[in-house]
Amino acid sequence: MHPSESPQSILDNLTIAVVTLDRELRLTAINPAGEMMFEASTKKMVGQRFEELFAGGEALLQALRESLGAGHPITVRGVSLELPGTRSLTLDCVITPLADGSVQKNGAAAVTTLLVELTQIDRLLRRTRDENLLDRQAANRAVMRGLAHEIKNPLGGLRGAAQLLERELVPKGLKEYTRIIIHEADRLRNLVDRMIGPHKPLAKQPANIHTILEHVRLLMLAEVPGGLHVQRDYDPSIPEFEGDSEQLIQAVLNIVRNAVQAIDGRGTIVLRTRVDRGFSIGQRRHRLVLRAEIEDHGPGIPPELREHIFYPMVTGRADGTGLGLSIAQDIVTKHGGLIECESQPGRTVFRLYLPLENGNG
Ligand SMILES: Nc1ncnc2c1ncn2[C@@H]1O[C@H](COP(=O)(O)OP(=O)(O)OP(=O)(O)O)[C@@H](O)[C@H]1O
Ligand SMILES: [Mg+2]
């Protein structure tokens, strides 16, 4: 066996969450995927009793006791566990009793350890939702691109004709009108260019998420002087990844700018980075993804817009074009990533996920 394939290292690299419990249902071990799922460290969890750790897991608790007593494996589906805070998880659990070889009085093997494999199914349910969303967005963008293209052609002609007309016009006063035509044609062309989004293919190079975030932070501080505080909560261990920094800066900037607008340029924005293990994006399961969060404490996304903000032309602002998030999603999707959003009055978080290595299908 290769040294890196010791049983511990195999456990550490599993993308499925695994915990072991002793006969008193105390947690004896948890792998990194499990720590990730419960957002708690081994140190904090090991030694604690199952019922102290999770509320609402009665069905699972019963199954654990039964497996312990009878010595046979049990699968429980759709268990809801309440975690500290407001988070809850829906899980499928496979319980396997491990025996030390001795036999109990009733003839059953004496179980010393319960091995529990946990699969988060709310994540699976959400994955299908993500996929539908990404499909719909891709279809939407195709229509937009087609439309934008059709608008650009006659627009060029219109602008050219106005320029010719301007040259021929003798009464100077009339030129004011041709200027309006040219100016409005330019404005429309800019809008259409934004509708199409960045059409350059990705220029992928080793990229660093913190360089990207810092660039955006400095841009924002220059744009909104005074009153804006950007709090940084970075995980410095995040490795580089292959990406187009220019385009990713654009994506992050669009999200951060929305956050700044939501708090009227006064208050705190939090930029946070973390690594997540065993995360699925669309059809692909990734061993490692980076998560960059942009959090603000503004009024939140109006409820009627919440489901639609990633669509082009959806805006809640009088002077918004509603393109910022659709462009951001487009750029991140091209990187094999995903943006999701959680919003309530007082707290809005945009999460940008980018794979740190290729998924294994
Ligand atoms: N952090 C946020 N807090 C509250 N509302 C938000 C936030 N981010 C986005 N929104 C809402 O989502 C809408 C869509 O955002 P998007 O960036 O796509 O377009 P926009 O900001 O309106 O226009 P553009 O970015 O093209 O100038 C916004 O108009 C706003 O109503
Ligand atoms: Mg915007």
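Before going further, it helps to spend a moment on the pairing of strand S1 (residues 17–21). The buried fraction of S1 is high, at five of five residues. Of the two faces of S1, the one holding Ala17, Val19 and Leu21 and the one holding Val18 and Thr20 are both buried throughout. In this sheet, strand S2 (residues 27–30) lies alongside S1 in antiparallel orientation, the contact comprising three bridges. Considered in S2, the bridge of threonine 20 is made with alanine 29.

What the five strands build is an open sheet, ordered S7-S9-S10-S12-S11; its pairing is mixed. For this open sheet the edge positions go to strand S7 (228–233) and strand S11 (338–344), each flanked by a neighbour on one side alone. Neighbouring strand axes in the sheet, compared pairwise and without regard to direction, differ in orientation by 20° on average. As defined by bridge partners, strand S9 (residues 267–281) adjoins strand S10 (residues 284–296) across 12 bridges and the pair is classed as antiparallel. Paired with threonine 273 across the two strands is alanine 292, which belongs to S10. In the packing of helix H9 (residues 245–262) onto the sheet, contacts are made with S7, S9, S10, S11 and strand S12 (347–355), and the angle to S10 comes to roughly 35°. The sheet strands contacting helix H10 (residues 324–334) are S11 and S12, and the helix crosses S11 at an angle near 140°.

This part takes up helix H8 (residues 209–223). Spanning 15 residues, H8 covers 21 Å between terminal C-alpha atoms, matching the ideal 21 Å at 1.5 Å per step. In this structure, the buried side of H8 is in contact with strand S6 (205–207), S7, strand S8 (241–243), H9, S9 and S10. Where H8 begins, the side chain of asparagine 208 points an oxygen toward the backbone nitrogen of histidine 210, at a separation of 2.7 Å.

Interaxial distance between H9 and H10 falls to 9 Å at its minimum, and their mutual angle equals 145°. Seen from above, H9 lies across H10 with left-handed handedness. Listed contacts from H10 to Gln247, Leu248, Gln250, Ala251, Asn254, Ile255 and Asn258 of H9 are Gly324, Leu325, Ile327, Ala328, Ile331, Val332 and Lys334. Considered class by class, the residues forming the contact of H9 with H10 number eight nonpolar, five polar and one charged.

This part takes up the site of ligand 1. Close to ligand 1 lie 21 residues; Asn258, Asp296, Thr315, Gly316 and Thr321 are nearest. Between an oxygen atom of ligand 1 and a side-chain N or O atom of arginine 317, the distance comes to 3.0 Å. Here leucine 325 contributes a backbone N or O atom positioned 2.9 Å from an oxygen atom of ligand 1. Protein contact buries 91% of the 600 Å² of open area that ligand 1 shows by itself. More than half of the atoms belonging to ligand 1 lie within 2 Å of the grid points that define the second largest pocket. Breaking the shell around ligand 1 down by element, the ones donating at least two residues are H9, H10 and S12. Ranked by the residues each element gives to the shell around ligand 1, the list is headed by H9, at three residues. In the shell around ligand 1, the residues fall into nine nonpolar, nine polar and three charged.

Our focus in this paragraph is the domain arrangement of the chain. One can read the domain layout of the chain as domain 1 (3–123) and domain 2 (200–361). For domain 1 and domain 2, the distance between their C-alpha centres works out to 34 Å. Counting from both sides, the interface comprises eight residues of domain 1 and, opposite them, seven residues of domain 2. Carbon and sulfur atoms supply 51% of the area buried between domain 1 and domain 2, which totals about 660 Å² over both sides.

The rules behind the values
The residue count restarts for each chain, going from 1 along the sequence in the order it is written. Chains carry letters from A onward and ligands carry numbers from 1 onward, assigned in written order. Given that this is a predicted model, residues contribute local features only at a pLDDT of at least 70 and side-chain atom pairs are listed and counted only at 80 or more, while totals for whole chains, interfaces and linings are drawn from all residues. Hydrogen atoms and water are omitted, and side-chain values are computed over all heavy atoms in the structure. Each residue is placed in one exposure class: buried if its accessible area under a 1.4 Å probe, protein chains only, is under 20% of its type's maximum, exposed if it is over 50%, and partly exposed if it falls in between. Each helix is a run of H or I in the DSSP string that is no shorter than four residues. Each strand is a run of E no shorter than two, and both are numbered from the N terminus. Whether two strands pair comes down to DSSP finding at least two bridges between them. Only the stretch in contact is used when fitting a helix axis, every axis being a line fitted to C-alpha atoms; angles between N-to-C directions are given from 0 to 180 degrees. Any two residues whose heavy atoms approach within 4.5 Å at even a single point are treated as in contact. Here the expected length of a helix is defined as 1.5 Å per residue gap, with one fewer gap than residues. By the criterion applied in these results, polar contacts are pairs of N or O atoms within 3.5 Å in which, for protein atoms, one can donate a hydrogen and the other can accept it, and in which residues neighboring in sequence qualify only through two side-chain atoms. What makes a crossing left-handed is the near helix being turned counterclockwise from the far one by less than a right angle; a clockwise turn instead makes it right-handed. Only Asp, Glu, Lys and Arg are considered charged, only Ala, Val, Leu, Ile, Met, Phe, Trp, Tyr, Cys and Pro nonpolar, and every remaining residue, Gly among them, polar. The nearness test applies per residue and asks whether one of its heavy atoms lies within 4 Å of the molecule or strand. Surface exposure here means Shrake-Rupley accessible area, sampled with a 1.4 Å probe, where a residue is shielded only by the protein chains that are shown. Using a grid of 1 Å spacing that covers the protein atoms alone, one calls a set of points a cavity when a 1.4 Å probe fits there but cannot get out, and a pocket when the set is open and has protein on both sides within 12 Å along at least five of seven lines; lining residues are those with an atom within 4 Å of a point. Put plainly, a molecule is in a cavity or pocket when over half of its atoms are within 2 Å of the grid points there. Here the limits of each domain have been adopted from an automatic or database domain assignment. Simply put, the buried area is the total loss of 1.4 Å probe accessible area from both parts when two parts are fitted together.

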